[in-house]
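Chain and residue survey
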Amino acid sequence: MTTTWYTSPVAVAAAQRMAAADAVGDPACSMAAVGRPDPGLVPQNSRIGIGHHGSYWCLIW
């Protein structure tokens, strides 16, 4: 089984909140980043929701 990536409205909203606050981190995110997150740091065989706004990214698994 492979990792399934999909656009998550919850993750997009979290990325927008982080961008508005100019700060990394949101309770909705399993992983938050400025710039592209490293896919090697996420679990394998999982379903991962992604969202970004500007350079802020939120991943949820």
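Heads up: the structure comes first, above all this text.
Notes on the structure follow. (Residues numbered from 1 in each chain as written. Predicted model: local features only at pLDDT ≥ 70, side-chain atom pairs only at ≥ 80, totals over all residues. Heavy atoms only, no water.)

1. Here's the deal with the sheet that holds strand S4 (residues 56-60)
Formally: If DSSP finds at least two bridges between two strands, the strands pair. Counting from the N terminus, the helices are DSSP H or I runs at least four residues long and the strands are E runs at least two residues long. Working convention: axes come from line fits to C-alpha atoms, limited for helices to the stretch in contact. Angles between N-to-C directions cover 0 to 180 degrees. In what follows, residue pairs with any heavy atoms lying within 4.5 Å of each other are defined as contacts.
Within the open sheet, the four strands sit side by side as S1-S3-S4-S2. Their pairing is mixed. Unpaired on one side and paired on the other, strand S1 (4-7) and strand S2 (31-34) mark the two borders of the sheet. Between one strand axis and the next, the sheet turns by 25° as a mean value, whatever way the strands run. In terms of strand pairing, strand S3 (residues 47-53) meets S4 through five bridges, oriented antiparallel. When the bridges of S4 are listed, Gly51 appears paired with Cys58. Each of S1, S2, S3 and S4 is contacted by helix H1 (residues 9-21), which is oriented at about 35° to S3, the strand it contacts most.

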